[in-house]
Structures are given as structure tokens and as C-alpha cells.
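Results of the structural survey
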Protein chains: 2
Amino acid sequence: MTAITTASTATTSLELEEILAVAHQAARPWAALRPAQRADMLDAVASALDEAAAELIPLAAKETHLGDARLAGELKRTTFQLRLFGRVLRDGAYLDARIDHADPDWPMGAPRPDLRRALRPLGPVLVFAASNFPFAFSVAGGDTASALAAGNPVLLKVHSGHPELSARTGQIVESALRAAGAPEGAFALVRGLEAGGAALRDPRIKAASFTGSIPGGRALMDIAVSRPEPIPFYGELGSNNPVFVTPRAAAARGTKIAEEFIASFTLGAGQFCTKPGTIIVPAGSGMVEHLRSAALPQGAQLLNGRIQSGYVESLQQLSAHPHVSVLVQGPEPLSDAPSPTLLLTRAEHVLAAPRELEAECFGPTAVVVEYDDESQLVPLAQTFEGQLAATVQAQDDCPVAELVQVLAEKAGRVLWNQWSTGVSVTYAQQHGGPYPATTAPGTTSVGTAAIERFLRPVAFQGFPQHLLPEALQDSNPLSVPRMVNGQR
Amino acid sequence: MTAITTASTATTSLELEEILAVAHQAARPWAALRPAQRADMLDAVASALDEAAAELIPLAAKETHLGDARLAGELKRTTFQLRLFGRVLRDGAYLDARIDHADPDWPMGAPRPDLRRALRPLGPVLVFAASNFPFAFSVAGGDTASALAAGNPVLLKVHSGHPELSARTGQIVESALRAAGAPEGAFALVRGLEAGGAALRDPRIKAASFTGSIPGGRALMDIAVSRPEPIPFYGELGSNNPVFVTPRAAAARGTKIAEEFIASFTLGAGQFCTKPGTIIVPAGSGMVEHLRSAALPQGAQLLNGRIQSGYVESLQQLSAHPHVSVLVQGPEPLSDAPSPTLLLTRAEHVLAAPRELEAECFGPTAVVVEYDDESQLVPLAQTFEGQLAATVQAQDDCPVAELVQVLAEKAGRVLWNQWSTGVSVTYAQQHGGPYPATTAPGTTSVGTAAIERFLRPVAFQGFPQHLLPEALQDSNPLSVPRMVNGQR
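Reading the values: the criteria
Residues numbered from 1 in each chain as written. Chains lettered and ligands numbered in written order. Predicted model: local features only at pLDDT ≥ 70, side-chain atom pairs only at ≥ 80, totals over all residues. Heavy atoms only, no water. Helix = DSSP H or I, 4+ residues; strand = E, 2+ residues; numbered from the N terminus. Rg over C-alpha atoms; globule rule 2.2 N^0.38 Å. Buried < 20%, exposed > 50% of the residue type's maximum accessible area, 1.4 Å probe, protein only. Contact = heavy atoms within 4.5 Å. Areas by Shrake-Rupley, 256 points an atom, 1.4 Å probe, with all protein chains shown as cover. Lys, Arg positive; Asp, Glu negative; His and termini not counted. Charge placed at Lys NZ, Arg CZ, Asp CG, Glu CD. Salt bridge = Lys/Arg side-chain N within 4 Å of Asp/Glu carboxyl O. Domains from an automatic or database assignment. Buried area = accessible area lost by both parts, 1.4 Å probe. Polar contact = N/O pair within 3.5 Å; in protein donor to acceptor, adjacent residues only side chain to side chain.

Per the secondary structure count, chain A includes 16 helices and 16 strands. In terms of C-alpha radius of gyration, chain A reaches 24 Å, essentially the compact-globule figure of 23 Å for 488 residues. Expressed along its principal axes, the backbone C-alpha trace of chain A runs to roughly 75 × 60 × 40 Å. For chain A, with 488 residues in total, the buried portion stands at 65%. A sequence separation of at least 24 residues applies to 76% of the contacts in chain A between residues at least 6 apart. Per element, the accessible surface of chain A, about 16,300 Å² overall, is 54% carbon and sulfur. Taking the average place of the 38 positive charges on the side chains of chain A and the average place of its 48 negative ones, the gap between the two points comes to 6 Å.

As C-alpha cells, then:
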């Protein structure tokens, strides 16, 4: 792939055509590999990235202003993720293999034919990399790992925020795959907005994923769903991730909650999609004072100039609201290494103008909302749009069942006395909620279930054994878990 | 619900507002029922429909021109389907419950919190009924059954083709649910295009499904995905469902294939979304002669005037193609009870103009395509858009592996020496394929997996037992199958 090894100039339309043609050609051989073979190849990619850590981390630090320790942890998470999808492939349950034997007495009223169904890949997937996780949501991140694992070639649209890191990561991924025996075209980089848009419109692309802003994600989704052949679009967009503190929790551990909240909303300079953007606290409980007097960390440079200017604009907009005041703020709130800021408002104002006061502010700012009565918690929760996460800080004997219920209706993940930043990559993780948190509320972009986005079912009716996919043959040569006649 | 018991006039905007408000209110109590309780209620609906068969079948026959035997079978299938989703609910695997216990040594590099994830309903679902299955894809059909089973209230947009049957079926469903203890608003009818469109745009509707034509389905999908909050839209649109006959199969059982094909494409007067619309046969094998000389059934009245005029138009368009001739046709091909028609063309013409010659013709017409060489089968298969079904008629020793591979890339169901009409409702069924067969290629509208369309995951992090959904509590009070720490 010449496109990977050239400098960070945009992919030309000629280059894109070649990339698409090769990805299209790669779709069948990549899909035809046994899952365990793809698992070995993902392991090889993980090892190659681990081995290149000493080269990649400084590159990432230079381009993103993130610290070495954070980046080392993120790279470890990224390679763990590749290996975890390998485990998913070797297990085989992700294929959702189902066999119904022919049944002349099927109670539907007509004989049941022999039907065998398993999931298969969609075809080439276009992944738009994010800026805020230069490893975990970028070139070799979760979308790439899950789409490749599912058996789809991946075209990775590089984020302009870290071009050199992307080029080098892309080289490593591509050469590790090649050395492991993957077909040419299983993975390639695409650079530039124009090439990204052109790829998204191309009929050879069968699904796309994205992590980023609401306007950016929505614009891409609109392209994906208005194609002559619309395709699935998995966008992880924006989220406020509110925290609800009950009076008893504030009384029992107000200082600790304040400190942990500050650590969470300022982590990574507030540039996480799971940053808690709002904390809802009881008036008169001392929480506001705890937050005002807790030590704010120093300012840190944001990812890039666009993030910086977007942050300043959001902060100014929020601060200018007539019912919002500054609770506490470091010395340089609008500098290019902005000091963290906590704003203050009251429940009745949020209830009156939720869209304005609950807007995501990507960076080290959060809004403190004071309420007078616990009965306001549920109405406040009702005002939120779809969320990635929502948190309850409460004591075990707090009457919060209805609050938890409402938050489960609004969010993909609900936390109890923990903090939403730091999304663990696990089997039961859910990173995705109702719009605008994500464009496809039934899906996750973190955790093993992320693979489900890039598969579709095919049923084989009445087929002889030798023409069935291995997962559906009587002898079950891959030993995949299967449902047979409705029994697991 | 007054809207159910009134005559077949369109739902007014005032009525719609009441229906939406009540459905919105019903969402939480309906979702909160244990799955087995909803199963009992679906069983009650099935029994009530079975008991009303003697009343419903004549109503359906009057409004659709379909025969009593067919309608009786369809009603049986419909009530079986309701009960099958009851089985799915009692089993509980549909919840995809996953528990990850906290793990301080999780190899990601950071401790794993306690995470528990299960699927939950989306909220009120708008179902657009189809015309061609007045029971199985209408008021109490598969979309209604699966959306209700998942725990979502259903607004059912009545198809104008069978208003009286819809009203009566709606009454039966609604009163059976009410008698079984379902919350008011769990199910309601909506009538008229305008009310259907308004409901689709309403923020209280969280998903929609549709079975019908490509233009109609695409127009509704465009509304669903361009809302301020876009929602999942599950449209089952159009399909040609081609049949590929190998030379050896034609030689071994040409007459039988011809007879069975004719029975399949004329079943229900060709008004099935799985009607085989194209049969691809070897030239010089006698297949064309078998098809020409086989007995065509008599003409039958189509479902309604709109279907009839659409059919006449498609048939005239296809026949007017310079490379299409009439192979055999009954005496009244364009009457309001049109005689079946077989058209004839050749492989090279399909390869040159696939979109024209593979257009769906909803009614008793199919196209016979002659090929000269078996090597043309794969290129012909490649010309098709996404399909619900594709069929291979071959002998076990035919070299068709690549053909099957291509068809699995194009279709949701691939058949071997069987016929695509008559879709069995089973665990492994797949009724849905790449666009335009469906708007969401990863889903099915028939079979138990249809329930997956109307659910989304929520993870609970660090929660005390008493605030978790039952499916995620340690004691597993519902005995649902679960994945624990990655093990099933």
C-alpha cells in the first residue's frame, strides 16, 4: 500500500481507487480465514505494536500533548483489546451459529426445513479515527480491531491530529498483517476529509464507524444513510455523563466525592467522551463548598488547535448564560493550556433550559447544579438526552430506584459510586447509548460485543454438508457453541 | 383506545397525540414485567386470535382476495409465532446477560470494575403493516410480536388494504392484552398515511419497522434517519430471489424443477417478497421447453387496485425491453385477475442491463434467463443487488462452491434444491439481506432473532444487588443463561 508509506498528504482520488479496489478484493479471502487464523494475526499486530512502544509513545506525546504514562497505558489497553478479540474469535460464540433440523411436525402448520444460520462479515469497513485516544480509538483501536476480527477489511481514515503516529502505526499494522499471511488490502490508511467522504460514498464500503463530535458524526451519518445503498453507520458522538449526588451521600462523603469528581472531569484535560460534565448536588450540604475549595489540577495543553478553539467557545457560551456563574477556576481558563473550570447553576434553570445547560463542553469544564429537594433528581434526569454514561453517588439505603430506572432509559452505562472515565475493555462493557451518545443505540464500541456491529446473518436451507460454512457443519470442526433446535 | 374501535377513518392528530401519550406512559410498566409475564400475555393474544378464526378468515378473504386455506394457514403461523416468542422470553437468552466480576488483575493494565450488561427495550415502536400477509405481517404479525415480546409498546400503522380485518384484529389483540393485565397503551392502531408519518416523526417513537415496496420503505427510512433524534428503521423492501439451475440439475430433473418453480412463483398470485422472480437455466437443456409446456395455474385477483396497477406497469416495462420476449402466458395477462406470465431473455442481456432485467415485479410474473456456459453463473450472480433469498438447483457433484459463496455475499438466505416461498418461523431463520432487501442487513424480520431489533444494551457498573435488573443479580432469580467472566 503506497498510501501508508507516503507522508501525511491527503490520499488522492487515484490512490483511493486503488485502496478500495484492493480492499474489495481482500474481502473474500479475509472473511474465508478461520476465526482462529484471524486471531493469530490480531495477536501478531498486538505484539508488533507492543514492540514498537518506545518509538510510538514519544510520537504520540509530540502530536497530542498527552503524557507518557497515560499514553503507555493506552497502548497497553489497545494491544490487550486486539488480543481480547482474538479470544472472542477462538471461542466462536460471536458467530451466533444456529441449526434447526428438518421437522415434519413443526407446530407452525408446515414442515420445517433444515435451516442453519451464522453471522458473516459485511465487507470493507471505513473507520474514522478519533483525536482524543491516539491509540485506543485510532489506527489500531477498538473499531479497527472489531471490524478486522469480524472478517472485514478496514480502511482507516486517519485523524489529522496525529498524522505521523497514524502513519507509523499504520505501517506496523499493515506489515504485521502481511507477515502473518493476511491478504493484501485487509488494512489500509486513508488521509484527508475529501478522501474520507469519497470512501464513505463508495459502494464497495459496507459499513462505517466514527468517534467524535455530534456535528461531525451527524454529517457523516447523513452521507452513509442517504447513499443509493445505505450502510450501517456506528457513530459515537457526544455525551454529558451527568452525576447525581444524593443528600445522604453528600453528608457521608462529600469531600471524597468532590475530590474524585474533580479528578475525573479533569482527567486527560477533560477530553474524554465519558468525562462527567455535570454534577448535581444538594444545596446546603456543603458539596458546593467542597468543590470550591478542592485543589484543581494545573492547566494542560489540549489535543490540538481545533479542540482548543471549540473548548473556548463552549466555555464562553456556558459562562455567558444568565443563570450560570463561575464557581472556581484556575488562573488561565482560556489559555492554550486552560486551567480547569467549575461553573455553577441551579436545578430550576436546568429544568427550564436543559439543551443549553447540558451541552457537552469538550475540555476541563463541568457544571455544578444545586438542587433543593431530592424529589428534583428524577425530573432532572428526565431532561437529559441519550448518554454514554450516568452516575449515581448514593448510600445503599438511599431511595434511588426510580432515578436508576430513568438513567437506564437514558444511558448505555449506569454507575454506582464510581466514575465514568476509564472505560474498561471487558465482555460486559457497554459504550454506546441513545442518540446523540451514539447513532445506533443497540451497539457498543468498547468491549467484546463491539464485533456484532460488523456482521450480518445468513441462513442456509437444505444444504449438503460440504457446501456449508464450517461453523454449521454437523461435525462442528471449529467447536463453536451453537443453538440446535432452540437448545444451547 | 377509542382509535381501535372507531371505523376505518384516518387517525386524527388529536387521537394520535392521545395514542402516543398513552404508549409513552405504557413503556415503563410494559418493560418492567418479567419476560415470562409478557410471554403469558402473548399466549393470551394467540389464543384469542385462534378462537376468532371463523370470524377473521372470511374478513381477510373479503379484503385481500386470498383463499381460505391459505388464510387459515397464515393465521396458524401467526399465532404460532406469538407463542414462539413466548418461548424465547421464558428461556431468557435473548437478554444476552453478561456479568464481569471485579478483577484487580485484569490484563488490560487497570483493574476491572464489576460490570453487568443486559438488553432492555427501546421504547414505543411504530410498525407499518404489510398488505400481502394480512395476518403474519400485519396487525398481530412478526414485527408486532417481536417488538411486544422485547418489552416495547407497539403502535401499529394499519395497511389500507384490509381495514376491517385490521380493526377487528386490533380489537382482539388489545382486549386480550388488557384482560391479561397488560398496561393500557401497550398496543394501539394508527390509521392513515398522515398519522403514520406524524408518528414516525414523534420523539416518543424509538424505532420503526416496515414491510413493503422499495420506494415506500425508503421514504419512511429517510424520515426515520433524518429526525433530530434518528431512530433504527427496519424495512423489509424488495427482492428478486433468483434461482440458478445447473446443467446437471436440468438434465437430471428438469421437468420437476420447472413444475416446482411455476408453483413457487405463482403461489399467492406471486405476491410474496420471497417469490423467485428470475430463473437462470442452461440453454439447450430442455428447461425452456419444460417451462413453456408446464401447466400455468389460472389467474387470480391481486390484493388491491394499487398492487394491480403496479403489477401491470412492471410487466409492461419488462415485456417492452428489446431483449425480452414472452415465453408463455395465460389468456388474460393484464386483467384484474392476471394470468401468470413467464418472460424470456438471455444471460448476456442481464449482464448488460441488470437493474432493468432484475427489477422486482410484484405479481405472477418471472423472467427466464438462458445461459450458454456454466461459467456464466457466477458473473450473473454478481449482478444482483441485496436479496432476501437466492436458490441453487444443482446436483451434489456440481461445482457450485463459488456460486454459493457469491450468493451468501448477496442474500440473507441461500437455498439448495428447495424454494424460497414459504418462510418457516424458526430459531435459525433469516429473512433480511443487504439493501434493498432490507434497510438493516444485520437483522431479520422472521424467526426468533427478530426480537434483537427492538433491544439495546445497558451496563451497570458497581451496583448493589437490590438495584440491579433481576437478570443480572447474583442469585439469577429468572434463571436466564448468562456469560460470566467471559464463560457461558
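A separate point is the pattern of salt bridges. Under the definition given, this model contains 53 salt bridges over all chains. Residue Glu452 of chain A is joined to Arg98 of chain B by a salt bridge in which the shortest nitrogen-to-oxygen separation is 3.4 Å. Separated into two different chains, Glu452 of chain A in the loop between β14 (411–416) and β15 (455–461) and Arg98 of chain B in strand β1 (residues 97–100) make up a pair that spans both. Given a relative accessible area of 4%, Arg98 of chain B falls into the buried group. One salt bridge connects Arg83 of chain B with Asp50 of chain B, and the closest N-O pair in it is separated by 2.8 Å. With Arg83 of chain B in helix α5 (residues 68–91) and Asp50 of chain B in helix α3 (residues 35–51), the pair connects residues that are 33 residues apart, well separated along the chain. A relative accessible area of 30% places Arg83 of chain B in the partly exposed class.

Turning our eyes to something else, we now look at the environment of Gly197 of chain B. For Gly197 of chain B, the location among the structural elements is in helix α8 (residues 193–201). Linking Gly197 of chain B and Glu409 of chain B, residues 212 residues apart in sequence, is a C-alpha distance of 33 Å.

Turning our attention to the domain arrangement of chain A. Residue and element names in this part refer to chain A. By the assigned domains, chain A splits into domain 1 (2–237 + 439–483) and domain 2 (243–416). Domain 1 and domain 2 are separated by 34 Å when their C-alpha centres are compared. Across the boundary between the two partners, domain 1 contributes 11 residues, which contact 12 residues of domain 2. Summing both sides of the interface, domain 1 and domain 2 together bury roughly 960 Å²; the carbon and sulfur share of this comes to 56%. For domain 1, the biggest contributors to the area lost against domain 2 are His65, Asn132 and Glu236; these three give 44% of the whole. Our count for the contact surface shared by domain 1 and domain 2 stands at zero salt bridges. Connecting domain 1 to domain 2 are four residue pairs in polar contact (both at pLDDT 80 or more).

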